[in-house]
Amino acid sequence: MTERKKERKKERKKERKKERKKKRRRKKKKKEEEEEEEEEEEEEEEEEEEEEEEEEEEEEEEEERRRRRRRRRRRRRRRKKKKKKKRRRRRRRRRRRRRRRRRRREEEEEEEEEEKKKKKKKKRRRTHFRVAELHCIKEKKKKKKKLEVHNI
């Protein structure tokens, strides 16, 4: 073999070696890039999962707040209703008491008036009888006088 051939052979060998090296580097680079991409994707997925979890937690908290508000409102409504009922009862009782008192007073006043009227009637009767008695006595006296005058 000639020297040229040998040199060419060596050069080719070197070139092949270089190409292999390049290929390996490319492969390595590619592999690293892929790994990096995978890692990034995993991180993104994790972040998304965390965000979703946070959102779920927030939603749960919001739901809990709503429940509390509803409970509070219900309690307030119940309390208000109870208060209203109490007020109504009190008012009714007061009205009833007032009505009863008024009726009693009116009845008592009527009874007193009736008693006064009866007393007046009694007095009138008494006076009437007295007047009648006096009248009778006067007439008797007159008759006696007349008789006495005739008798004399």
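For every chain, the first residue of the written sequence is number 1, and numbering continues from 1 along that sequence. Since the coordinates come from a predicted model, pLDDT governs what is reported: local features require at least 70, and pairs of side-chain atoms require 80 or more to be given and counted, while whole-chain, interface and lining totals use all residues. Each side-chain value is derived from all of the structure's non-hydrogen atoms; neither hydrogens nor water enter the calculation.

Caption draft 1: Spatial organisation of the overall build of the protein chain. Counting from the N terminus, the helices are the DSSP runs of H or I reaching at least four residues and the strands are the DSSP runs of E reaching at least two. When you go through the protein chain residue by residue, the secondary structure sums to one helix and zero strands. In terms of overall size, the protein chain is more extended than a compact globule, its C-alpha atoms giving a radius of gyration of 64 Å where 152 residues would be expected to give roughly 15 Å. When the backbone C-alpha atoms are referred to their principal axes, the protein chain occupies close to 220 × 10 × 5 Å. Of all 152 residues assigned to the protein chain, the portion counted as buried reaches 0%. Throughout, the Shrake-Rupley method with a 1.4 Å probe supplies accessible areas, and for residues the shown protein chains are the sole cover considered. Looking at the protein chain as shown, the accessible area adds up to about 18300 Å², and 41% of this sits on carbon and sulfur atoms. Here the protein chain contributes 85 positively and 51 negatively charged side chains, and the mean placements of these two sets differ by 20 Å. Radius of gyration here is computed from C-alpha atoms only, and the compact-globule reference equals 2.2 Å multiplied by the residue count raised to the power 0.38. For each residue, the accessible area found with a 1.4 Å probe, counting protein chains only, is set against the maximum for its type, and the residue is called buried under 20%, exposed over 50%, and partly exposed in between. Think of it this way: Lys and Arg go in the positive column, Asp and Glu in the negative one, and His and the chain ends go nowhere. By convention, the charge on Lys lies at NZ, on Arg at CZ, on Asp at CG and on Glu at CD.

Caption draft 2: Geometry of the pattern of salt bridges. The rule for a salt bridge is simple: a side-chain nitrogen of Lys or Arg has to be within 4 Å of a carboxyl oxygen of Asp or Glu. The tally for this structure, following the rule as stated, stands at five salt bridges. Across the salt bridge formed by arginine 65 and glutamate 62, the nearest N and O atoms sit 3.0 Å from each other. Of this pair, arginine 65 and glutamate 62 both sit in helix α1 (residues 3–151), three residues apart, roughly one helical turn. The partner of glutamate 64 in a salt bridge is arginine 68, with the nearest N and O atoms 3.9 Å apart. Of this pair, glutamate 64 and arginine 68 both sit in helix α1, four residues apart, which is roughly one turn of the helix.

Caption draft 3: Layout of the environment of lysine 31. As for its placement among the helices and strands, lysine 31 is situated in helix α1. For lysine 31 and arginine 103, which are 72 residues apart along the polypeptide, the C-alpha to C-alpha distance reads 106 Å.

In short, the description is geometric, and any link to function would need to be established separately.
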